[in-house]
Amino acid sequence: SQKIEQNSEALNIQEGKTATLTCNYTNYSPAYLQWYRQDPGRGPVFLLLIRENEKEKRKERLKVTFDTTLKQSLFHITASQPADSATYLCALDMRSNYQLIWGAGTKLIIKP
Amino acid sequence: DAGVTQSPTHLIKTRGQQVTLRCSPKSGHDTVSWYQQALGQGPQFIFQYYEEEERQRGNFPDRFSGHQFPNYSSELNVNALLLGDSALYLCASSPSVGEQYFGPGTRLTVT
C-alpha cells in the first residue's frame, strides 16, 4: 500500500541545536518533494521544494535532503529558535497528476 | 499584494445541509486546489481547478463539488453534510504547478 510517514510524536529540541525531521514514503515515485510549516489554526506555509534529481537544497537555516533510493527526505533547521516551533509537513509532489500527497506532520517544540 | 483569502472563517451547519466555501487566489495564480484537513492529520486533496475546469480529483464523493470563475476565484460546495465533514477546509493557489500558497482556511463544524 502507499504510505507517507512522519514522526508522529512531538520533537523537543533545545534552542540553538539542529532539529532534524524525517519523511518516509513507500510505493510512490514523486517528481518533487515539498516541505511546509503550519501553525495552529492556520494554513500551511511553503518552505522548500526539492527535485528528484537534487540531493540537497538549502535556504537560510533550512536544509532538505531527498534520497529516492531510500524513499526518504530529511528536513533540518540549524540554530533552532523558539519561533521555529510549529508542525512541519512534507508533501509528495506527484507532478504527473497535479496532486500533493501529505504526511500527517511532525510537531516541533524548541525549548528556550 | 493580498495573499489567498477564504470566507467564511468559521461555519456551523447541521447534518443534511449544504455549504459553500469561497476562495480568492493570490494575484497572478491561475490554479486553485482544495483540501480537507482533520485535526492532527495532513491535508487531504479534494480537487484542483485550472482554466475553470476540474483538472484532478482526489478520493472524495460527489457530494463535494466545485467551481472556478473567470477571475480564478473558486467555490467548494458540499451537499448532504455528514458529521465526518467537520474539518478545516483549505484553499491553495499556485502558478499552474509547484509550491502552493494557502489561505487561512474555513473551520466547518457539522452538528
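In this report, the structure presented in the accompanying data block is examined. Everything quoted here is computed from the prediction, not taken from an experiment. (Residues numbered from 1 in each chain as written. Chains lettered and ligands numbered in written order. Predicted model: local features only at pLDDT ≥ 70, side-chain atom pairs only at ≥ 80, totals over all residues. Heavy atoms only, no water.)

Considering the state of the cysteines
- Under the criterion given, the structure shown has 2 disulfides over all chains.
- There is a disulfide in this structure between Cys-23 of chain A and Cys-90 of chain A, and the S-S distance comes to 2.0 Å. Linking Cys-23 of chain A and Cys-90 of chain A, the disulfide has an S-S dihedral of approximately 70 degrees and is accordingly described as right-handed. Linking Cys-23 of chain A in strand E3 (residues 19–26) with Cys-90 of chain A in strand E9 (residues 86–94), this pair joins segments that are 67 residues apart in sequence. Taken individually, Cys-23 of chain A and Cys-90 of chain A each receive the classification buried, so the pair is uniform in this respect.
- The side chain of Cys-23 of chain B participates in a disulfide bridge whose partner is Cys-91 of chain B; the two sulfur atoms lie 1.8 Å from each other. Linking Cys-23 of chain B and Cys-91 of chain B, the disulfide has an S-S dihedral of approximately -60 degrees and is accordingly described as left-handed. Pair noted here: Cys-23 of chain B is in strand E3 (residues 19–24) and Cys-91 of chain B is in strand E9 (residues 87–94), with a separation of 68 residues, a long-range link. As far as burial versus exposure is concerned, Cys-23 of chain B and Cys-91 of chain B are alike and both buried. (Disulfide = S-S within 2.5 Å. Helix = DSSP H or I, 4+ residues; strand = E, 2+ residues; numbered from the N terminus. Buried < 20%, exposed > 50% of the residue type's maximum accessible area, 1.4 Å probe, protein only.)

Remarks on the interface of chain B and chain A
- With 21 residues of chain B at the interface, the matching set in chain A holds 18 residues.
- Interface area for chain B against chain A, summed over the two sides, is near 1500 Å², with a carbon-plus-sulfur share of 59%.
- Considering only the side of chain B, the residues that lose the most area to chain A are Pro-43, Glu-99 and Phe-102 of chain B, jointly responsible for 26% of the buried surface there.
- In this structure, the connection of chain B to chain A is made through 0 salt bridges.
- Counting the contacts that link chain B with chain A gives 2 residue pairs in polar contact (both at pLDDT 80 or more).
- Those elements giving two or more residues to the side of chain B that touches chain A turn out to be strand E4 (31–37), strand E5 (44–50), strand E6 (53–57) and E9 of chain B.
- Broken down by element, the residue count for the side of chain B that touches chain A peaks at 3 residues, all from E6 of chain B.
- Class assignment for the residues of the side of chain B that touches chain A results in 8 nonpolar, 10 polar and 3 charged. (Contact = heavy atoms within 4.5 Å. Buried area = accessible area lost by both parts, 1.4 Å probe. Salt bridge = Lys/Arg side-chain N within 4 Å of Asp/Glu carboxyl O. Polar contact = N/O pair within 3.5 Å; in protein donor to acceptor, adjacent residues only side chain to side chain. Nonpolar A, V, L, I, M, F, W, Y, C, P; charged D, E, K, R; others polar.)

A closer look at the packing of aromatic side chains
- Taken as a whole and assessed by the stated rule, the structure comprises 12 aromatic pairs over all chains.
- When the centroid spacing of 5.6 Å and the interplanar angle of 70 degrees are considered together, the rings of Tyr-36 of chain A and Phe-46 of chain A count as edge-to-face. Of this pair, Tyr-36 of chain A sits in strand E4 (residues 32–38) while Phe-46 of chain A sits in strand E5 (residues 45–51); the two residues are 10 residues apart in sequence, bridging distant segments of the chain. Here the two residues Tyr-36 of chain A and Phe-46 of chain A agree in accessibility, since each one is buried.
- When the ring of Trp-102 of chain A is compared with that of Phe-102 of chain B, the centres are 5.7 Å apart and the planes differ by 75 degrees; the resulting orientation is edge-to-face. Taken together, the residues span two chains, with Trp-102 of chain A in strand E10 (residues 99–102) and Phe-102 of chain B in strand E10 (residues 101–102).
- On the basis of relative accessibility, which here comes to 6%, the residue Trp-102 of chain A falls in the buried class.
- Three or more aromatic residues link up through ring pairs in this structure, and these residues are Tyr-36, Phe-46 and Trp-102 of chain A together with Tyr-35, Phe-45 and Phe-102 of chain B.
- A cation over an aromatic ring shows up here: Lys-26 of chain B above the ring of Tyr-101 of chain B, its NZ or CZ 5.6 Å from the ring centre. (Phe/Tyr/Trp six-rings, centres within 6.5 Å; stacked < 30°, edge-to-face > 60°. Lys NZ or Arg CZ within 6 Å of the ring centre and 35° of its normal.)

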